[in-house]
Amino acid sequence: MCGISGTLGLGGLQSEAIQLTDKSLGKILHRGPDTQKVWSDLEAGTVLGHCRLSIFDRTDAGTQPMHSPSGRFVLVYNGEIYNFPDIKAKLEEAGLVSNWTGHSDTEVFLCALDHYGIKNTLQMCHGMFSFALWDRKEKVLSLARDRMGEKPLYYALQNNRFYFSSELNALKVWPTLSLSVDKDAIAECVRGGYIPAPLSLYKEVQKLEAGQILHVEPAGDHFALRKEAYWDSIDEAIVARNNRFQGDLIEARDELERLLSRAVNRQMASDVPLGAFLSGGIDSSLVVALMQAQSTQPIETFTLGFETSEENEAPFAKQVAEYLGTSHNEQYIDGKQALDLVANMPDVYSEPFADPSQIPTYLISNISKQKVTVSLSGDGGDELFAGYGRYENFLQTRPATLQQAFSRYQKRLIVSTIKKPSLLAQKALGSRQHKGMPIELKEMALNSKCSRLSENEVAALYYKSFNTAWDLSALIPGAQLPPTQIIKRIGSRHDWSDLDKITMVDTLYYLGENILTKVDRASMAHSLESRVPMLDHSIVRFAFSLNDEHKVANGQSKAILKEVLGKYIPRKLWERPKKGFGIPLHKWLTTTLRPLVDDLLSPEALKTSDVFDPVTTSALWQDVLSGNKKHCDMVWRIFQVQLVLKQT
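The structure contained in this document is the topic of the report that follows. (Residues numbered from 1 in each chain as written. Predicted model: local features only at pLDDT ≥ 70, side-chain atom pairs only at ≥ 80, totals over all residues. Heavy atoms only, no water.)

## A short note on the overall build of the chain
A count of helices and strands for the chain gives 28 helices and 19 strands. Considering only contacts within the chain whose residues lie at least 6 apart along the sequence, 73% involve residues at least 24 apart. A total of about 24300 Å² of accessible surface is found on the chain, and carbon and sulfur atoms cover 48% of it. (Helix = DSSP H or I, 4+ residues; strand = E, 2+ residues; numbered from the N terminus. Contact = heavy atoms within 4.5 Å. Areas by Shrake-Rupley, 256 points an atom, 1.4 Å probe, with all protein chains shown as cover.)

Quick look at the structure:
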């Protein structure tokens, strides 16, 4: 894994661009501590930088920036192409390449780009990546990002200068790039805990969306930006769902096992030590089981335990590891050790990011790096195969009163859909009970017996899911949160089930923008490469093709994954209620962290950052201090934003 950075200037560049690119690489050296190099063509206005974490071919033959055999292209690339041996064989069989200088995936990738073009090459690749490719003939810089968004890429265009980098902090070194805070992006972070692409902390900087290629082309006296998609998850789902998998649950299980085994096998290839995160849950246990089944040596597995947390799953992970015969590593920490890291999170994520599990993810990455350089994880299983608890109600017959209640309030929810959907839901349904259980909007809207979720209903669910009970317009004056094009496209699919729609929202938003960001930054902070077998696009396509009954069966979510796992590990070792990788958030905020939170949420600090309304913020914080845990996530997000803004 690596870090990339560079700039493109219309009419040429001065030599200082080389030094500044080198300086920007210094900001992301944790992504690639093995080598750091810069290539430039100042007359053409191009400087490309790369810092390398050597995984395949650790010799100089794998060093970047790398030039294509034709001399036309120069590449800086962050990622891994897992099927590069297949692409290499294809190039050789076609007589396009006969001599290789090394055995890195980078060399094969660049040769394919040279011979097949960018879009065709990306469509044949199985991997995770972001890269910049300079075409010396056409004077065009092309950037691209992997299908699901595992690897990051930031860019900016200002005053006929284009800048790009793997992380936001690396762009701040450029004195010619003027930056201003984007309140809309912060509102998104407060709503969901992260800033989704294409937004970033700054108005002038964007994140390239997953599955996109961006071409930066000279157009007279300015640069023109042109985007094209080589992968679109919604389009892929449309095709897959028009050709549904026709087999039963057992047949689906066998096909998924075949696809997962192949993906795991590809991702176990490495010239450096390799292991896996093991939480003891279904997804990580399955990945580890498939790894161990294909290895002649015990796989290194890593687990983090909390001494006082009710969410501790380390004992379960240990049982799974013992059954599979892995070389298991576990470490327990107390709250004090974790709390010491809180103030460092802005340095790790470079912009506001507020998923509380970022801290244990950071710690498990640190533990893993002590023995390995590559670690596989089970991320993606919940979103692709309906693993969250709320999905379990989809295929169950719900009481008629729930359906009636949903119909009764459906029109009220559509009115002013985006402004305050969750407040409307609370007002209409908050006090209603059915057999002692609150009638949740989410339960009713996701009930498969109701009509298909409309665009407005999907948007309302999305906003409710990401905690908008507090009025963001009062909290962040001037911020706008319009419905996204993605929400509109998903809501307009009348041929999709409600489960199809809400899992797609989770895949594109929660998985793509939250979980993958969390894992990338936390692992790369320790120069650890994290791989995600379940996001191989062959598996994603298969998941899109499945019927609801393959994912939720007998009242249980993630049915198909459980069927596969049951072939490798006895159910008694993993069949239990799902737990998150959580922390005692309310306790931390109101005890050990309170002095720091009090300081950052003070009227003076809020006035300095000039984003949050002091009166509204104070009321929210006092509500949490009084014992109300409902808004802990919101306060944590505001706190994380303030931590970043204090350093900006």
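More follows now that the structure is in view.
## Let's talk about the pairing of strand β3 (residues 46–52)
With 7 of 7 residues buried, β3 lies mostly within the body of the structure. Neither face of β3 is exposed, since T46, L48, H50 and R52 on one face and V47, G49 and C51 on the opposite face are all buried. Two strands pair when backbone bridges link them, and strand β1 (residues 2–9) and β3 are joined in this way by 7 bridges, in the antiparallel orientation. Among the inter-strand pairings, L8 is bridged to a residue of β3, identified as T46. Bridge count for strand β2 (residues 35–41) against β3 is 7 bridges, and the pairing is antiparallel. Its bridge partner being in β3, W39 is matched across the sheet by L48. (Buried < 20%, exposed > 50% of the residue type's maximum accessible area, 1.4 Å probe, protein only. Pairing = 2+ DSSP bridges.)

## Some thoughts on helix α7 (residues 249–267)
Compared with the 27 Å implied by 1.5 Å per residue over 19 residues, the 26 Å span of α7 between its first and last C-alpha is a close match. Residues A252, R253, L256, E257, L259, L260, S261, A263, V264, R266 and Q267 constitute the buried set of α7. (Expected span 1.5 Å × (residues − 1).)

## Let's talk about the pattern of salt bridges
Oppositely charged side chains can pair when the atoms bearing their charge come close. According to the stated counting rule, one finds 30 salt bridges in the structure shown. D520 is the salt-bridge partner of R31, the closest N and O atoms lying 2.9 Å from each other. Here R31 is found in the loop between α1 (16–27) and β2, whereas its partner D520 is found in helix α20 (residues 498–524), with 489 residues between them in sequence. Across the salt bridge formed by E257 and K567, the nearest N and O atoms sit 2.7 Å from each other. With a gap of 310 residues between them, E257 in helix α7 and K567 in the loop between α23 (559–565) and α24 (585–590) connect regions that are remote in the sequence. Take E257: its relative accessible area is 12%, and that puts it in the buried class. Overlapping salt bridges bring together R31, K151, E167, D520 and R521 as one network. (Salt bridge = Lys/Arg side-chain N within 4 Å of Asp/Glu carboxyl O.)

## Description of the side chain of K558
Locating K558 in the fold gives a position in the loop between α22 (548–551) and α23. In this view, K558 contacts I282, D283, G381, D382, F385, A386, G387 and K551; residues no more than four positions away in its chain are not counted.

## A look at the packing of helix α12 (residues 358–369) against α20
Look at α12 against α20: their axes get within 8 Å of each other, and the N-to-C directions meet at 40°. Classified by the angle between their axes, α12 and α20 sit oblique to one another. Regarding α12 and α20, the two cross each other, and that crossing is right-handed. Together, Q358, T361, Y362 and S365 of α12 and K518, V519, A522 and S523 of α20 make up the contact between the two elements. (Axes fitted to C-alpha atoms, helices over the stretch in contact; angles between N-to-C directions. Parallel < 35°, antiparallel > 145°, perpendicular 65-115°, else oblique. Left-handed = near helix turned anticlockwise from the far one by under 90°.)

## Examining the environment of G127
Tracing the backbone through its elements, the reader meets G127 in strand β6 (residues 127–135). Along the primary structure G127 and H537 are separated by 410 residues, whereas in three dimensions their C-alpha atoms are 8.6 Å apart. Excluding residues that lie within four positions of it along the chain, G127 makes contacts with E80, I81, Y82 and D146.

## Concerning the packing of aromatic side chains
A complete count under the given rule lists 12 aromatic pairs for this structure. Ring geometry for Y155 against F162: centres 5.9 Å apart, planes inclined by 25°, an arrangement best described as stacked. Like Y155, the residue F162 is buried in the burial classification. Taking 4.6 Å as the distance between ring centres and 10° as the angle between the ring planes, the aromatic pair formed by Y349 and F353 counts as stacked. Across the pair, exposure class does not vary: Y349 and F353 are buried alike. Here the basic side chain of R241 rests over the ring of W496, its NZ or CZ set 4.3 Å away from the ring centre. (Phe/Tyr/Trp six-rings, centres within 6.5 Å; stacked < 30°, edge-to-face > 60°. Lys NZ or Arg CZ within 6 Å of the ring centre and 35° of its normal.)

## Looking at the sheet that holds strand β5 (residues 73–81)
If you walk across this open sheet you meet the 6 strands as β4-β5-β6-β7-β11-β12, and the pairing is antiparallel. Each of the sheet's edge strands pairs with one partner strand only, and the pair in question is β4 (66–67) and β12 (222–229). Where β5 and β6 come together, 9 bridges link them in antiparallel fashion. Looking across to β6, one finds that N78 is bridged to S130. Packing against the sheet, helix α3 (residues 105–116) makes contact with β4, β5 and β6, and its axis sits at approximately 125° to β5.

## Focus: the side chain of K151
Topologically, K151 is positioned in the loop between β7 (140–145) and β8 (154–158). Polar side-chain contacts of K151 include one of 2.4 Å to the side chain of D520. (Polar contact = N/O pair within 3.5 Å; in protein donor to acceptor, adjacent residues only side chain to side chain.)

## Looking at the sheet that holds strand β15 (residues 327–333)
Taken in spatial order, the 5 strands of this open sheet run β15-β14-β13-β16-β19, and their pairing is parallel. Lying at the two open borders of the sheet, with one neighbouring strand each, are β15 and β19 (529–531). Each strand of the sheet is rotated relative to its neighbour by a mean of 30°, with strand direction disregarded. Bridge count for strand β14 (residues 300–306) against β15 is 7 bridges, and the pairing is parallel.

## Re unusual backbone geometry
Following Q64, the chain continues into P65 via a peptide bond in cis, with omega recorded as -5°. By the element assignment, P65 lies in the loop between β3 and β4. That bond from A197 to P198 is cis: its omega, 10°, falls within 30 degrees of zero. With respect to the element layout, P198 can be found in the loop between α5 (183–192) and β10 (205–207).

## Brief notes about the pairing of strand β9 (residues 161–165)
With 5 of 5 residues buried, β9 lies mostly within the body of the structure. Burial along β9 is two-sided: R161, Y163 and S165 and F162 and F164, pointing in opposite directions, are all buried. Sheet topology note: the β1/β9 ladder contains 5 bridges and is antiparallel. Bridge pairing in β9 places G9 opposite R161. Of the strand pairs in this sheet, β8 and β9 are connected by 5 bridges, and their pairing is antiparallel. By the bridge assignment, Y154 is partnered in β9 with S165. Counted between consecutive antiparallel strands, the loop separating β8 from β9 contains 2 residues, among which N159 sits at a positive phi close to 50°.

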